Amino acid sequence: MSAQNLYDLSPALRLMVMGLAVALGPLAWIWARNKNAPVAHRLRVLTLVTLFLTFDLVIFGAFTRLTDSGLGCPDWPGCYGSASPVGAQLHIEAAQSAMPTGPVTHSKAWIEMIHRYLATGVGVLILTLALVTFMARREQRRGAKNSSPEHILSPWWPIATLAWVCLQGAFGALTVTMKLFPAIVTLHLLGGLVLLALLRAQSVRYAQVQEQSTPAILSTSTRRFLLAAFALLWLQIALGGWVSTNYAVLACTGFPACQGSFWPVMDFSQGFTLWRELGAGHDGGYISFQALTAIHYVHRMAAYAVFVALMLLSFSLYSVPALRQQARWLAALTLLQVATGLSNVVLGWPLLAAVAHTGGAAALVVVLTGIVFSSRKMPVLARVSSLNVSRLSA
């Protein structure tokens, strides 16, 4: 049997039809339920539905990776040149017979292709969102020339989201064709979470346009702390993705110590050589256990700082009435991340806990993005006025 090409675009059109079929259900539901609603409301609902399906896509992507199904179909965008595993049965059976527990089996092929169908459906929804927002903005500008600029729909968020989902599709292709290259897989995971953040920012913006509302006001120090915690969360997610894509979760099976020590033997140089193949060290040989330990332990140490930062932030935001509900979610999700992270270590990386850990990280991104875009720091004039009032009172 001849070798399969890494790229085979022959099933691309059929795959697009599959994606359109996935997207038609949500689009029909949104149209039926909201056809008489204001355009900002319809766009917000479409964004929230797309956000929900993208969240599901991220979770299913984690399930695909954790079940070793990322190479269930070793070419892209189809499966052995077919639009589904049904047309690739002979190829899959041959690969499975040669290696029964290998990367290509019938179940893994279906998992991988369902992930691709969901991704294509999300792409269709995001394209629809960009087109509808662009048309709605033109109508709004013609009919409301005196509207405040902050209450005019902007097409740039959905356009940026559309561009990003195309880039994410390219990383999905490289994930397969570069045989689960750790840096590419980690970037693909981060790209999915960036997509969630972009959609959440859009949903907040549409809500503000619909309700003619403005962001909640935070003190300068709280706003800076919020942005610092947000950046710290992204760093921790990148470290977690590096742990997962290098299969370093079980390098430490105890807690709080690792291998009976609070500072085990580690090889940071090899562990954080970013551009290398899966399982390879920086010298071309196999990656050492000490390198895997370094990958795991850095993520664990950073988790302590992230936990403290997010819990302090949730307590600080709880005092702001408009953000109280988000503060509760932030605290609850932070505690969930601790529970699932510990479960991965002490229970031997169970699939449910591993998928939930990725889901918790994605949910934290959604919640924190919502808080960032639902708030802003106190304007300078307001701070000066407050200071003058306090001086007069004194």
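A brief look at the structure comes next. No experiment lies behind these values; they were computed from the predicted model shown.

Some details on the overall build of the protein chain
Then, number 1: For the protein chain, the count of helices and strands is 12 helices and 4 strands.
Then, number 2: Reported as C-alpha extents along the three principal axes, the dimensions of the protein chain are approximately 80 × 55 × 30 Å.
Then, number 3: Every one of the 394 residues in the protein chain was classed for burial, and the buried ones make up 50%.
Then, number 4: Contacts in the protein chain between residues far apart in sequence, at least 24 positions, make up 78% of those at least 6 positions apart.
Then, number 5: Accessible area of the protein chain: about 19,300 Å², with a carbon and sulfur share of 68%.

Some points on the pattern of salt bridges
Then, number 1: Counted according to the given criterion, the structure contains 1 salt bridge.
Then, number 2: A salt bridge links Arg116 to Glu112; the shortest N-O distance between them is 2.8 Å. Here Arg116 pairs with Glu112, and both are found in helix α4 (residues 106–143), just 4 residues apart, close to one helical turn.
Then, number 3: A relative accessible area of 7% places Arg116 in the buried class.

Details of helix α5 (residues 156–177)
Then, number 1: An ideal rise of 1.5 Å per residue puts 32 Å on 22 residues; α5 measures up with 32 Å between its terminal C-alpha atoms.
Then, number 2: Pro158, Thr161, Val165, Gln168, Phe171, Gly172, Ala173, Thr175, Val176 and Thr177 are the residues of α5 that are buried.
Then, number 3: One or two steps after α5, the chain reaches Lys179, where phi turns positive at roughly 55°.

Quick look at the side chain of Ser69
Then, number 1: One can find Ser69 in the loop between α2 (39–66) and β2 (76–77).
Then, number 2: Only 2.9 Å separates the side chain of Ser69 from the side chain of Thr67, close enough to count as a polar contact.
Then, number 3: The residues touching Ser69, leaving out its near neighbours within four places in the chain, are Thr64, Lys108, Ile111 and Glu112.

With respect to the side chain of Gln337
Then, number 1: Counting through the fold element by element, Gln337 comes out in helix α10 (residues 324–346).
Then, number 2: In this structure Gln337 comes out as buried when scored by relative accessible area, which is 13%.

Looking at the state of the cysteines
Then, number 1: One pass over the structure, following the stated rule, counts 2 disulfides.
Then, number 2: What pairs with Cys73 in a disulfide is Cys79, and their sulfur atoms sit 2.1 Å apart. Taking the sign of the S-S torsion, about -80° here, the bridge from Cys73 to Cys79 comes out left-handed. Take Cys73 and Cys79: they sit in the same class, and that class is buried.
Then, number 3: The disulfide that involves Cys252 links it to Cys258, with 1.8 Å between the sulfurs.

Structural notes on the layout of surface pockets
Then, number 1: Of the volumes computed, that of the largest pocket is approximately 1,100 Å³.
Then, number 2: Forming the walls of the largest pocket are 41 residues, and the residues nearest its centre are Ala119, Gln168, Gly169, Gly172 and His188.
Then, number 3: A breakdown of the residues in the lining of the largest pocket according to their chemical character gives 23 nonpolar, 14 polar and 4 charged.
Then, number 4: Considering only enclosed or pocket space, the second largest pocket measures out at about 800 Å³ in volume.
Then, number 5: Lining the second largest pocket are 34 residues, and of these Gln236, His299, Gln337, Gly341 and His357 lie nearest its centre.
Then, number 6: If you list the elements that add at least two residues to the lining of the second largest pocket, you get α2, α6 (182–211), α7 (220–245), α9 (289–317), α10 and α11 (351–373).

Some details on the packing of α9 against α11
Then, number 1: At their nearest, the axes of α9 and α11 sit 14 Å apart, and the two run at 40° to each other. Overall, the two elements α9 and α11 adopt an arrangement that is oblique. Crossing angle aside, the handedness with which α9 passes α11 is left-handed. Along its contact with α9, which presents His299, Leu310, Leu313 and Leu317, the element α11 presents His357, Leu364, Leu368 and Ile371.
Then, number 2: Of the residues in the contact of α9 with α11, the class split is 6 nonpolar, 2 polar and no charged.

A few points about the nonpolar core
Then, number 1: Formed by 50 residues in total, the largest nonpolar core has its most connected members in Leu317, Leu330 and Leu368.
Then, number 2: Counting residues per element, this core draws most heavily on α11, at 10 residues.
Then, number 3: Not counting the four nearest positions on each side in its chain, Leu317 is found in contact with Leu218, Thr222, Leu323, Arg324, Ala327, Leu330 and Ile371.

Points about unusual backbone geometry
Then, number 1: In this structure, the amide linkage connecting Trp76 to the following residue, Pro77, adopts the cis form with an omega of 10°.
Then, number 2: Residue placement: Pro77 occurs in strand β2.
Then, number 3: Omega for the bond connecting Phe255 with Pro256 falls within 30 degrees of zero, at 5°, which places this linkage in the cis form.
Then, number 4: Within the fold, Pro256 resides in the loop between α7 and α8 (268–271).
Then, number 5: A positive phi angle is found at Tyr247, which is not glycine, with a value near 55°.
Then, number 6: As for its placement among the helices and strands, Tyr247 is situated in the loop between α7 and α8.

Some thoughts on the environment of Phe60
Then, number 1: Within the secondary structure, Phe60 is located in helix α2.
Then, number 2: Each C-alpha atom, one on Phe60 and one on Val355, is 8.4 Å from the other, the two residues being 295 residues apart in sequence.
Then, number 3: Beyond its immediate sequence surroundings of up to four residues, Phe60 is in contact with Ile111, Ile114, His115 and Leu118.

Rules behind the numbers
Residues numbered from 1 in each chain as written. Predicted model: local features only at pLDDT ≥ 70, side-chain atom pairs only at ≥ 80, totals over all residues. Heavy atoms only, no water. Helix = DSSP H or I, 4+ residues; strand = E, 2+ residues; numbered from the N terminus. Buried < 20%, exposed > 50% of the residue type's maximum accessible area, 1.4 Å probe, protein only. Contact = heavy atoms within 4.5 Å. Areas by Shrake-Rupley, 256 points an atom, 1.4 Å probe, with all protein chains shown as cover. Salt bridge = Lys/Arg side-chain N within 4 Å of Asp/Glu carboxyl O. Expected span 1.5 Å × (residues − 1). Polar contact = N/O pair within 3.5 Å; in protein donor to acceptor, adjacent residues only side chain to side chain. Disulfide = S-S within 2.5 Å. 1 Å grid on protein atoms, 1.4 Å probe; cavity = no way out; pocket = protein on both sides within 12 Å on 5 of 7 lines; lining within 4 Å. Points joined across faces, edges and corners; volume = space filled by probe spheres on them. Nonpolar A, V, L, I, M, F, W, Y, C, P; charged D, E, K, R; others polar. Axes fitted to C-alpha atoms, helices over the stretch in contact; angles between N-to-C directions. Parallel < 35°, antiparallel > 145°, perpendicular 65-115°, else oblique. Left-handed = near helix turned anticlockwise from the far one by under 90°. Core = buried A, V, L, I, M, F, W, Y, C linked by side-chain atoms within 4.5 Å.

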